[in-house]
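Chain and residue survey
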Amino acid sequence: MKVTAIILCRENSSRLRKKHFKKIGKFTILEIIIKKLKELNYIDKIVIATGPKKKNSNYEKLIRQKKIERVNFFYHNKEENVTERVYLASRKFKNTFTLLISGDCILLDKEFIDYYQKKIYRFNQYDFLNFLEKKNFYIGFEGIKFFRTNIWKKVNDCSNTNILQQNPGYVVSLKP
């Protein structure tokens, strides 16, 4: 089984600009995420999916500067439409499964992701796996979604409001 890991990033995030370049110890947040993804042997492609290239070119600069291999880039002109960005990136970097990671989610736990990877792969009844939600309180890891790539077209098609376009996967909670 091969999986494309898509890391969602943009330099001008509203709460903390350029947060992916902030360091924890010796490494940037983005480096930590990529390093953890490379520990998963079923990850075939790592994609940084971001907004327009002109506004988000520092990601490529960092990857080149740090000589990090096996990282692809996907630029989308509609920076606010994250759901469409995921849809188009997952179509371009074709795999049966996609692991979606929020670019500020450094709490990637190999055992946690392996658990969900096995669930979605072995049991065909699952198309989309997300962290647990109970009365608007999140249990588990926010910012991690695992899905069959082909279902994201439906998610994108159902994302007809700004809130659904800006928050990938939220539509699945509203329209399971």
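For the structure itself, consult the block above.
Keep in mind that this is a model prediction, so the values were computed, not measured.

Turning to the overall build of the chain, a few remarks are in order. Secondary structure assignment for the chain yields seven helices and ten strands. Taking 176 residues into account, the globule formula puts the C-alpha radius of gyration at 16 Å, and the chain, at 15 Å, falls close to it. Every one of the 176 residues in the chain was classed for burial, and the buried ones make up 48%. Working note: accessible area of the chain is about 10100 Å², and carbon and sulfur atoms make up 50% of it. Computing the positive centroid from 37 side-chain charges and the negative centroid from 17, the chain places the two 2 Å apart.

Here we come to the pairing of strand β6 (residues 97–102). Burial of β6 is extensive: five of the six residues sit out of reach of the surface. Here β6 runs beside strand β10 (residues 144–148); their pairing, made up of five bridges, is antiparallel. Its bridge partner being in β10, Phe-97 is matched across the sheet by Arg-148.

Below, the discussion takes up the pattern of salt bridges. Summed over the entire model, instances satisfying the criterion amount to twelve salt bridges. Across the pair Lys-78 and Glu-84 runs a salt bridge, and its minimum N-O distance is 3.4 Å. Two residues, Asp-114 and Lys-110, come together in a salt bridge whose shortest N-O distance is 2.9 Å. Here Asp-114 pairs with Lys-110, and both are found in helix α4 (residues 110–122), just four residues apart, close to one helical turn. Residue Asp-114 is classed as buried on the basis of its relative accessible area of 13%.

With that settled, the discussion passes to the sheet that holds strand β7 (residues 128–130). Strand order in this open sheet of six strands is β5-β4-β1-β6-β10-β7, and the pairing throughout is mixed. The outermost strands of the open sheet, each flanked by one partner alone, are β5 (71–75) and β7. Across this sheet, the average inter-strand angle for adjacent strands is 20°, counted without regard to direction. Pairing of strand β1 (residues 3–8) with β6, which is carried by six bridges, proceeds in the parallel orientation. From the neighbouring strand, Val-3 faces β6, where its bridge partner is Phe-97. Along the sheet, helix α2 (residues 58–65) contacts β4 (43–50) and β5; its crossing angle with β5, the most-contacted strand, is approximately 170°. On the sheet, helix α3 (residues 82–92) packs against β1, β4, β5, β6 and β10 and is oriented at approximately 150° with respect to β1.

Criteria and thresholds
Residues numbered from 1 in each chain as written. Predicted model: local features only at pLDDT ≥ 70, side-chain atom pairs only at ≥ 80, totals over all residues. Heavy atoms only, no water. Helix = DSSP H or I, 4+ residues; strand = E, 2+ residues; numbered from the N terminus. Rg over C-alpha atoms; globule rule 2.2 N^0.38 Å. Buried < 20%, exposed > 50% of the residue type's maximum accessible area, 1.4 Å probe, protein only. Areas by Shrake-Rupley, 256 points an atom, 1.4 Å probe, with all protein chains shown as cover. Lys, Arg positive; Asp, Glu negative; His and termini not counted. Charge placed at Lys NZ, Arg CZ, Asp CG, Glu CD. Pairing = 2+ DSSP bridges. Salt bridge = Lys/Arg side-chain N within 4 Å of Asp/Glu carboxyl O. Axes fitted to C-alpha atoms, helices over the stretch in contact; angles between N-to-C directions. Contact = heavy atoms within 4.5 Å.

All quantities given are derived from atomic positions and should not be read as evidence of function.
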